Every structure is written in structure tokens, then in C-alpha cells.
Number of protein chains: 2
Amino acid sequence: MLFSKTCEYGIRAAVYIASQSDKTEKTGIEEICENIEAPRHFTAKILQILTRNHLLSSQKGVNGGFYMTAEQLKQPMIALVEAIEGKEVLSKCGLGLKACSETEPCPLHNKYASIRNNIKQMLSGMTIKDMAVSLQTGKAFLKID
Amino acid sequence: MLFSKTCEYGIRAAVYIASQSDKTEKTGIEEICENIEAPRHFTAKILQILTRNHLLSSQKGVNGGFYMTAEQLKQPMIALVEAIEGKEVLSKCGLGLKACSETEPCPLHNKYASIRNNIKQMLSGMTIKDMAVSLQTGKAFLKID
DNA sequence: TTAAATAAGGATGTTTTTGTCTTTTATTGT
DNA sequence: ACAATAAAAGACAAAAACATCCTTATTTAA
Ligand code: FES
Ligand code: FES
């Protein structure tokens, strides 16, 4: 519905990495995928994208893995979504018109634009750290057992 | 974002057909696709689905085409969406967990569930006729010229 | 300095979505 | 009846999304 599989895995992975960021050890792709129930190689590709976009940090070699800096933890969810789905995703027309505009709106525009704005607010107002904390405190989960 | 192409075309086509439902003549697939800028054969398939689900009516042969009964015009948008995307689409987890649940929620659940509810309300509270009227009165458009 | 570990990158494969083309079936005006 | 018309249906094709596998580059511990 809202996100592609790519985006779902990307967010889940980033949140998991964030949730491990107190530890000194970096988090390996294997561990990540086990804990978010995502396909190993596919997820690795997504993390490459996020790393290139500086939303994650990584280190190769023994004891390497993924981690996040304090700066990265403060990034809002929307940064992840835009890195994966593209910047425009939150301004497109809900009915697929070439552009979303106030002057030539689709019949859904009035209501949809406000909902789209809610989504934008949700994603801007929540940091990766916020999500990680809800994991750490047992309030939320990244997979169902 | 919200809908698949299939769903977008399906809604646009249905709304266009509805907007022509005052006329006595039925509306042909060619005319529909010109007016909503959608691919001819693909859209025809989508209309088949909607017709099988009794959300549209159709007639073959000379002077045939698509049309909607008064009953069908009163259907809410959500009926179209569910016919095309499936009934479950509006209750799935936003982060792709196997199930969306209050007891094992994903970190997005709190905010997402409320947005998803807004979407549901938007789609339940607006009939196909409502959308068609906004077209007819020039307040909305199904393609950009 | 070497072996092991681990992410990055590239090639390839599968599935789903999106789209076209052709044939069939039903309807209607003549 | 017949020809024309239009939707239904089925086969096929292209593109995108989803996923795997293999090789390469980098790092570190021993
Ligand atoms: S024009 Fe369709 S959502 Fe704005
Ligand atoms: S559990 Fe993810 S949206 Fe409800």
C-alpha cells in the first residue's frame, strides 16, 4: 500500500541497526536480516543505497558491519523513504495524473492532499531513533514471532 | 504510492463512465481511454474486473459500451479499490509485518493506523457519483491537457 | 603477512505489474 | 439472415520489482 517492499525492508533494517547502536560492535547483515525477517542479499543491496546516501555507516572486514552515528540516528523517517522511493513520491497525484495541482486537481485531490500531508508529517516528525527506542522498550516489533 | 496503476486507471475510468451516465448512449472503451489518458487494452481488462464485480455494467454489440446504474453510482470508492487491490489492502501493516496488530505493533503502527483509517474514511465517504459530479461541474479533472 | 570476515558491486534469475495483440462472443441495426 | 460493432477472453511481450549468487575490495586479528 504505502511503501514498496524495498522501502519496508530498508526502514526495518535501519531501525534495527539503530536499535543496536548503543553497543560497540557493528551489526552484520546476517543478524539484521534474521531480526527483521528479510531476504539476505536483497536487503544488503538496499543498505548499500542507504549507506551511499549517508543515512547509514558501514565498515568492511573483520568485526565490520553497519552502524549509525548520532547524527544519522536523528534523521527523520522521511529521509529513508526519499532515499529509496525518490524525492517526488510524497507529492504525486493519488489518481496518477501527470501532476498534482490545485488548479487542475483530480477528484480525489482535496481529501488526498490532506492525507498525504499527514503522511509527510508522520515521516518528518519521527526520527529513526524514535522508532528504535520503541523497539528497545518493547513497545514495538520488527517481526512477528 | 497509494494505488497501483491498475487501481488508478480503474478509478479514473469508472469516474469517467459515471460522468457520462446522464446520457442515453453507453460509453465505449475508446472514448473512455482518450478521456482519462490510459492504455486501451489494459484498461479494458480492468473494466472487465469491475464489471464482473458488478461495479459497472456493460453491453456488447452495436451501440454497446459501459454504463452505470443508479445503484452502481452510489457505490463508495472503496468498493472499486477493494475489487481491484483486494479486501485486505486497507488493513495490512505499513512496514510489511505479516499482520498488523495492536499487541505486536510495528514502530509505525500508532500513527499509521490512524492515517490508514483516514484513507478508509475518505474512500468510504465518497461515492463514484460524488467524484463524477466534481468532474461535471469543472471542479476536477481526470487528465491534464 | 596471511587468512578470515565482511560489505560492495556486478551479473543473473524470478515474479509481478503493466501493456499489447488477436480471436471469440454477444448484440443490434439493416 | 447478415454485416457491423463492441465487450470478453486469451495469448503474448515488456518493464519493473523482487531476489539470489558470485566475485571483488577492504579491514582486522592472529
Ligand atoms: S491532483 Fe490528484 S492528488 Fe492532487
Ligand atoms: S503493525 Fe505495522 S501498521 Fe499495524
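Please refer to the structure placed before this passage.
Note that the coordinates shown come from a computational prediction; the quantities given were computed from them, not determined experimentally.

All names here are of chain A. All chains considered together, the criterion is met by two aromatic pairs over all chains. On the basis of an interplanar angle of 90° and a centroid distance of 5.9 Å, the ring pair of Tyr9 and Phe42 is categorised as edge-to-face. Of the two residues, Tyr9 sits in helix α1 (residues 5-19) while Phe42 sits in helix α3 (residues 40-52), which places them 33 residues apart along the sequence. The exposure class assigned to Phe42 is partly exposed, which follows from its relative accessible area of 39%. Seen from the ring of Tyr67, Lys26 lies directly overhead, with NZ or CZ sitting 5.6 Å from the centre.

What follows deals with the interface of chain A and chain B. Tallying the contact residues gives 39 residues for chain A and 40 residues for chain B. Together chain A and chain B conceal approximately 3,800 Å² of surface at their shared face, both sides included; 71% is due to carbon and sulfur atoms. By the criterion of area lost to chain B, the three top residues of chain A are A:Met1, A:Pro107 and A:Ile144, representing 20% of everything that side buries. Joining chain A to chain B, the criterion identifies two salt bridges. Of the charged contacts, one joins B:Lys98 and A:Glu37 as a salt bridge, the two residues approaching to 3.1 Å between their closest N and O atoms. Secondary structure elements with two or more residues in the side of chain A that touches chain B: α1, α6 (109-125) and α7 (128-136) of chain A. Looking at the side of chain A that touches chain B element by element, the count peaks at six residues for α6(A).

Turning our attention to the protein's contact with DNA strand D. Around DNA strand D sit 28 residues in total, of which A:Tyr9, A:Pro39, B:Lys45, B:Ser58 and B:Gly61 are the nearest. Among the atoms of DNA strand D lying within 4 Å of the protein, the sugar-phosphate backbone contributes 61%. Contact distances for DNA strand D include 2.6 Å between a base oxygen and a side-chain N or O atom of B:Lys45. A distance of 3.0 Å separates a sugar or linking oxygen of DNA strand D from a polar atom in the backbone of B:Gly61. Within the residue set of the surface near DNA strand D, elements represented by two or more residues are α1 and α3 of chain A together with α3 (40-52), β1 (57-59) and β2 (65-67) of chain B. Broken down by element, the surface near DNA strand D gets its largest block of residues, four residues, from α3(B). By residue class, the composition of the surface near DNA strand D is seven nonpolar, 15 polar and six charged.

Moving on: the relation of the copies chain A and chain B. Two copies of a chain can be linked by a rotation about an axis combined with a shift along that same axis. The two copies are related by a screw operation: chain A maps onto chain B through 180° of rotation and 0.0 Å of translation along the axis, at an RMSD of 0.0 Å. As the rotation angle and translation indicate, the two copies are arranged about a two-fold axis. The rotation axis passes nearest to the C-alpha of A:Leu2 in chain A, at a distance of 2.7 Å. An overlap of 100% is found between the interface residues of chain A and their copies at the interface of chain B, pointing to a shared contact surface.

This paragraph deals with the packing of helix α5 (residues 77-85) of chain B against helix α6 (residues 109-124) of chain B. Residue and element names in this part refer to chain B. In contact at an axis separation of 6 Å, α5 and α6 are set at 115° when each is read in the N-to-C sense. By the angle between their directions, the pair α5 and α6 is classed as roughly perpendicular. Residues Met77, Ile78 and Val81 of α5 touch α6, and the partners they reach there are Lys120, Leu123 and Ser124. Of the residues contributing to the contact of α5 with α6, the split by class is four nonpolar, one polar and one charged.

All names here are of chain A. Considering the arrangement of structural elements, one finds Arg116 in helix α6. Nearest to the buried, unbridged Arg116 among oppositely charged side chains is Glu102, at 6.4 Å. Within the structure, the side chain of Arg116 is placed 3.4 Å from the backbone oxygen of Ser91, a separation counted as a polar contact. Contact partners of Arg116, with chain neighbours within four places excluded, come to Leu90, Ser91, Lys92, Cys93 and Cys100.

Taken together, 29 residues sit near DNA strand C, with A:Lys45, A:Ser58, B:Thr6, B:Tyr9 and B:Pro39 positioned nearest. A share of 61% is what sugar and phosphate atoms reach among the atoms of DNA strand C within 4 Å of the protein. Between A:Arg52 and DNA strand C, the recorded distance is 3.5 Å, taken from a side-chain N or O atom to a phosphate oxygen. B:Lys60 is positioned such that a nitrogen or oxygen atom in its side chain is 3.4 Å from a sugar or linking oxygen of DNA strand C.

Inside soluble globular proteins, nonpolar side chains tend to come together where they are buried. Core analysis: the biggest nonpolar cluster contains 100 residues, and A:Ile11 and B:Ile11 have the highest contact counts within it. Those residues in contact with B:Ile11 that sit more than four places away from it in its chain are A:Leu95, B:Phe3, B:Met77, B:Leu80, B:Val81 and B:Met131.

With that settled, consider the pattern of salt bridges. Residue and element names in this part refer to chain A. Counting across every chain of the model gives 10 salt bridges over all chains. The salt bridge partner of Lys5 is Glu8, with a shortest N-O separation of 3.5 Å. With a gap of three residues between them, Lys5 and Glu8 both fall in helix α1, about one helical turn apart. For Lys5, a relative accessible area of 48% puts it in the partly exposed group. According to the relative accessible area criterion, Glu8 is buried, its value standing at 8%.

Reading the values: rules and limits
- Residues numbered from 1 in each chain as written.
- Chains lettered and ligands numbered in written order.
- Predicted model: local features only at pLDDT ≥ 70, side-chain atom pairs only at ≥ 80, totals over all residues.
- Heavy atoms only, no water.
- Phe/Tyr/Trp six-rings, centres within 6.5 Å; stacked < 30°, edge-to-face > 60°.
- Helix = DSSP H or I, 4+ residues; strand = E, 2+ residues; numbered from the N terminus.
- Buried < 20%, exposed > 50% of the residue type's maximum accessible area, 1.4 Å probe, protein only.
- Lys NZ or Arg CZ within 6 Å of the ring centre and 35° of its normal.
- Contact = heavy atoms within 4.5 Å.
- Buried area = accessible area lost by both parts, 1.4 Å probe.
- Salt bridge = Lys/Arg side-chain N within 4 Å of Asp/Glu carboxyl O.
- Near = heavy atom within 4 Å.
- Polar contact = N/O pair within 3.5 Å; in protein donor to acceptor, adjacent residues only side chain to side chain.
- Nonpolar A, V, L, I, M, F, W, Y, C, P; charged D, E, K, R; others polar.
- Least-squares fit on C-alpha atoms with pLDDT ≥ 70 in both.
- Axes fitted to C-alpha atoms, helices over the stretch in contact; angles between N-to-C directions.
- Parallel < 35°, antiparallel > 145°, perpendicular 65-115°, else oblique.
- Lys, Arg positive; Asp, Glu negative; His and termini not counted.
- Core = buried A, V, L, I, M, F, W, Y, C linked by side-chain atoms within 4.5 Å.

Without other data, these values stay purely geometric and don't point to any function.
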